[in-house]
Each structure stands twice: as structure tokens, then as C-alpha cells.
Amino acid sequence: MWKRIAAVIGLFILVAVAVVNFIQDKQADHVADNEQQDGVRMVSPSTSNKLKVGETAPDFTLETLSGETVTLSELKGQKVFLNFWATWCPPCKEEMPEMEKFQQEYGDEVTVLAINGTAGEQGMERADKIENVKQFVQDGGFTFPVLLDMELSITSEQYQVISIPTTYFIGTDGVIQKPKKVGPMTYDFMVEMKNALE
């Protein structure tokens with residue numbers, strides 16, 4: 001008799017846990033879909049630890065296409081647009097000329113860092129991936145710094161980027177001062193964000 005009761009209780013607990021997990025997964029998918037906006041879905045990190053306005057931007061050091069290194073914390077005192085993109089992403093291709101126009105006009109007021117995750121994806125050899133990014137940048141005539149996130153650790157773990165392009169807006173104090181933009185930015189929007197940062 002007691003064994004049957006214990007078995008029923010155990011079964012009930014297992015079903016309850018399964019239902020809770022299912023609901024949490026659906027909620028995470030819903031959040032990710034809402035956050036996607038007009039960007040391209042890329043990775044699905046945990047949605048429970050999202051960066052918020054008012055938090056210090058996580059520090060990192062990455063290499064540029066020219067082999068130099070950039071450390072975010074060393075840019076404190078400057079306004080920074082931290083943009084995540086990939087060469088295969090159509091909205092990123094739409095956004096890049098707008099970013100270049102902004103770079104030409106306001107590059108002395110805002111540091112634009114374009115973090116590319118293409119080189120960290122599965123498939124080709126590392127050197128071929130980097131060469132593809134270089135060719136993309138050269139063909140587009142883009143002059144803002146392009147950083148390579150070879151392990152996708154900055155993209156997926158530190159900044160929890162779910163879809164691309166995604167841009168964070170960091171003030172001179174090193175803090176995320178405005179809500180991130182998911183989807184391509186226009187030149188006018190970038191000017192607006194430049195003026196909004198302190």
C-alpha cells in the first residue's frame with residue numbers, strides 16, 4: 001500500500017518537474033523571439049542573466065583583422081558602440097554602410113567596434129574564415145575596427161547576443177547607458193545614440 005502511494009507521489013513529482021521545465025523553455029523561446037526584432041537569430045544563450053542599462057560593460061580583449069589587440073576597459077573615457085555581426089547576415093550587410101557613414105562623420109567622437117563572430121563558427125579552417133572577413137571588409141571599404149571573436153565567448157557568453165546585428169551603447173564611464181539595439185541601425189539612429197550617451 002505505502003509503496004503504491006510513494007510510487008504515485010514520485011510519478012506526480014516527475015510530471016510536475018517536466019511541466020515546469022517545458023514552460024520555462026517556452027518562456028525562454030518567447031523572450032528570444034521578442035528580442036529578435038529585425039535581426040537574424042544566431043545563438044541561444046541563457047535569458048536569465050541579461051545585461052541591463054546601468055551595468056558596467058563586461059571587459060574583453062580581442063584581436064583586430066590587422067593583428068592588433070583591443071581591450072574594452074582601455075577605451076574608458078570614450079563613447080563606444082559595440083556591434084555584433086557576421087558576414088552571412090543580410091541585416092548586417094544593410095547596416096554596415098550606415099556604420100561607415102557614421103564612422104566617417106563621427107569617428108573622433110565615438111569608437112565603433114564591430115565584433116565579428118563568423119570566424120568562430122563551425123566549418124572552414126580558421127585562416128579561411130579570417131580571410132573571408134578581411135575580404136568582406138575590404139570590398140565594403142569599411143574603416144571602423146573589426147574584432148574577431150574566434151571562440152564566440154564574448155558574443156554568446158559575456159554579451160548574451162541572441163540575434164545579429166546587435167549593438168550595445170557604452171558611455172564614457174564604461175557603463176551600458178542605453179538599451180541595446182537588435183537589428184540594423186541607420187545613420188540617424190546612430191547620431192541619436194551618440195548624442196544620448198554621456
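Not measured: the values here are computed from a predicted model. (Residues numbered from 1 in each chain as written. Predicted model: local features only at pLDDT ≥ 70, side-chain atom pairs only at ≥ 80, totals over all residues. Heavy atoms only, no water.)

*Asks:* Mind showing me how you'd approach the pairing of strand E8 (residues 166-170) here?
*Replies:* The side chains of a regular strand alternate between the sheet's two faces. Among the five residues in E8, five count as buried, and that is most of the element. The side-chain alternation of E8 yields two buried faces, one formed by Thr166, Tyr168 and Ile170 and the other by Thr167 and Phe169. When E8 meets strand E9 (residues 176-182), the two strands line up antiparallel, connected through four bridges. Within the sheet, the bridge partner assigned to Thr167 lies in E9 and is Lys181. Linking two consecutive strands that pair antiparallel, namely E8 and E9, is a turn of five residues; a positive phi of about 80° is found at Gly174 within it. (Buried < 20%, exposed > 50% of the residue type's maximum accessible area, 1.4 Å probe, protein only. Helix = DSSP H or I, 4+ residues; strand = E, 2+ residues; numbered from the N terminus. Pairing = 2+ DSSP bridges.)

*Asks:* Honestly, the packing of helix H2 (residues 90-106) against helix H5 (residues 187-196) in this entry has me stumped. Any pointers?
*Replies:* For any two helices packed against each other, one specifies the crossing angle of their axes together with the interaxial distance. The geometry of H2 relative to H5 is characterised by a closest axis approach of 9 Å and an angle of 45° between their N-to-C directions. Considering the angle they form, H2 stands oblique to H5. Relative to H5, H2 is oriented so that their crossing is right-handed. Listed contacts from H5 to Glu98, Met99, Lys101, Phe102, Glu105 and Tyr106 of H2 are Tyr187, Met190, Val191 and Lys194. Taken together, the residues of the contact of H2 with H5 sort by class into six nonpolar, no polar and four charged. (Axes fitted to C-alpha atoms, helices over the stretch in contact; angles between N-to-C directions. Parallel < 35°, antiparallel > 145°, perpendicular 65-115°, else oblique. Left-handed = near helix turned anticlockwise from the far one by under 90°. Contact = heavy atoms within 4.5 Å. Nonpolar A, V, L, I, M, F, W, Y, C, P; charged D, E, K, R; others polar.)

*Asks:* What is the right way to look at the pattern of salt bridges in this model?
*Replies:* For side chains of opposite charge, pairing can occur when their charged atoms come near one another. This model, assessed by the stated rule, comprises one salt bridge. As a salt-bridge pair, Glu109 and Lys194 come within 3.2 Å of each other at their nearest N and O atoms. Pair noted here: Glu109 is in the loop between H2 and strand E5 (110-116) and Lys194 is in helix H5, with a separation of 85 residues, a long-range link. (Salt bridge = Lys/Arg side-chain N within 4 Å of Asp/Glu carboxyl O.)

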